[in-house]
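# Summary of the model geometry
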Amino acid sequence: MLGVIGGMGPLASSLFYDMIIDKTDAGCDQENLNMIIYSDSGMPDRTGAILSGDEEKVAEVRDRILKDAKVLENAGCSAIAVTCNTAHYFVNMVRGEVGIPFIHMIEETAKELAKTCKGKPVAILATDGTVKTRLYQNEFEKHGIVPYTPTEEGQKKVMSTIYDLIKQNKPVDADLWAEIEKEIKDAGCEAAILACTELSVVKKELDLPEYYRDPMEIMADRCIEYYRAIGEIK
């Protein structure tokens, strides 16, 4: 089984499940991937914990991620996917304490983008927490990609889209998104990554073009490849 730590937020986790089903070459129910989706929507806000600078708040999220991973491991899962980009800051802290692998969204995204964007600027559209911890910047630089993060004003627009709209189940503001897009294209970015799983919802609602790469979709592809390689699915 694939174990999924979700609920961060619930809409993104639901979309990830849809991605797995859509990408599986199944002719009947029994040919689909066995999964446990642990929707831990009570998980403390990851960005809030990181930006607080409070070691206790950071430890609280770290310990909860580890607890959830252990639940999935003990339930018989053979790999774990986490449907939150910012949560990978904490995944990096605990992955050595879990006996099964994490299919790591940020590492897999960097590997994928390196195929076409090496030496080129790629925009990172993410929460303040993901940007501050340099999760994507560091991985991109390892693979020869030039990371671009929005200006202060642009970052506020990204955060507003995530927290004021998607997390509150409100429609995406197409005009606001157009302003974000103008900035990153004016900066010469070859592509942009939707480095917050809430932004995967934006891609679906606005039918964004392939210019926007979705790390959650890349992780879904890697999950399918992992279970196909061990013969669990076709």
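This text follows the structure it describes.
What this report covers is the structure whose coordinates are included nearby.

Calculation rules
Each chain carries its own residue numbering, running from 1 in the direction its sequence is written. Only residues with pLDDT of 70 or above have their local features reported here, since the model is predicted, and side-chain atom pairs are shown and tallied only from 80 upward, although totals for entire chains, interfaces and linings are computed over all residues. Excluded from the side-chain calculation are hydrogens and water; included are all heavy atoms of the structure. Lines fitted to C-alpha atoms define the axes, with helix axes restricted to the stretch in contact, and inter-axis angles between N-to-C directions lie between 0 and 180 degrees. For the purposes of this entry, the term helix denotes a DSSP run of H or I that reaches at least four residues, the term strand denotes a run of E that reaches at least two, and both are numbered from the N terminus. Each angle gets one of four labels, with under 35 degrees taken as roughly parallel, over 145 as roughly antiparallel, 65 to 115 as roughly perpendicular, and the rest as oblique. Left-handed is the label given to a crossing in which the near helix is rotated counterclockwise from the far helix by less than a right angle, and right-handed is the label when the rotation is clockwise. Residue contacts are defined here by distance: any two heavy atoms, one from each residue, within 4.5 Å place the two residues in contact. Under the scheme applied here, ten amino acids are nonpolar (Ala, Val, Leu, Ile, Met, Phe, Trp, Tyr, Cys and Pro), four are charged (Asp, Glu, Lys and Arg), and all others, including Gly, are polar. Any two strands are treated as partners once DSSP identifies two or more bridges connecting them. Here, two cysteine sulfur atoms that lie within 2.5 Å of each other are counted as a disulfide. The cut-offs for exposure are 20% and 50% of the maximum accessible area for each residue type, with area from a 1.4 Å probe on protein chains only; residues under the lower value are buried, those over the upper are exposed, and the others partly exposed. By definition, a salt bridge exists where a carboxyl oxygen of Asp or Glu is found within 4 Å of a side-chain nitrogen of Lys or Arg. Only buried Ala, Val, Leu, Ile, Met, Phe, Trp, Tyr and Cys residues count toward a nonpolar core, and they belong to the same one when joined by side-chain atoms within 4.5 Å.

## Describing the packing of helix α5 (residues 105-117) against helix α7 (residues 135-142)
One way to put it is that α5 packs onto α7 with a least axis distance of 9 Å and a crossing angle of 40°. Put simply, α5 runs oblique to α7. In this structure, α5 crosses over α7, and the sense of that crossing is right-handed. On the side of α5, the interface is formed by M105, I106, E107, T109 and A110, while α7 contributes L135, Y136, E139 and F140. When the residues that make up the contact of α5 with α7 are grouped by side-chain class, the tally is six nonpolar, one polar and two charged.

## Quick word on the sheet that holds strand β1 (residues 2-6)
With parallel pairing, three strands are arranged side by side in an open sheet as β2-β1-β3. Single-partner strands in this sheet number two, and they are β2 (35-39) and β3 (79-82). Each neighbouring strand pair of the sheet contributes to a mean axis angle of 20°, computed without reference to strand direction. Inspection of the sheet shows β1 paired to β3 by four bridges, in the parallel sense. Each bridged residue has a counterpart across the sheet, and for I5 the counterpart in β3 is V82.

## Some details on the state of the cysteines
By the definition in use, this model includes zero disulfides. Here C223 stays unpaired: no disulfide links it, and the sulfur of C77, its closest cysteine neighbor, is 11 Å away. Residue C223 is classed as buried on the basis of its relative accessible area, which comes to 0%.

## Side note on the pattern of salt bridges
What the rule picks out here adds up to 21 salt bridges. Among the ionic pairs, E112 bridges to R222, the shortest N-O distance being 2.4 Å. With a gap of 110 residues between them, E112 in helix α5 and R222 in helix α11 (residues 215-229) connect regions that are remote in the sequence. Overall, E112 belongs to the buried group, its relative accessible area being 17%. The exposure class of R222 is buried, given its relative accessible area of 14%. One continuous salt-bridge network, built from bridges that share partners, spans E108, K111, E112, K115, R213, R222 and E225.

## Quick word on the nonpolar core
By size, the foremost hydrophobic cluster in this structure holds 37 residues, and its most contacted members are L2, F16 and I20. Every element with two or more residues in this core is listed here: β1, α1 (10-23), β3, α5, β4 (121-125), α7, β6 (191-194) and α11. Here this core takes seven residues from α11, the largest share from any one element. With residues up to four places along the chain from it excluded, the contact list for I20 reads L2, L33, M35, A220, C223 and I224. In terms of nonpolar packing, the next biggest core, distinct from the first, is built from 22 residues, I80, V82, A87 and V98 among them.

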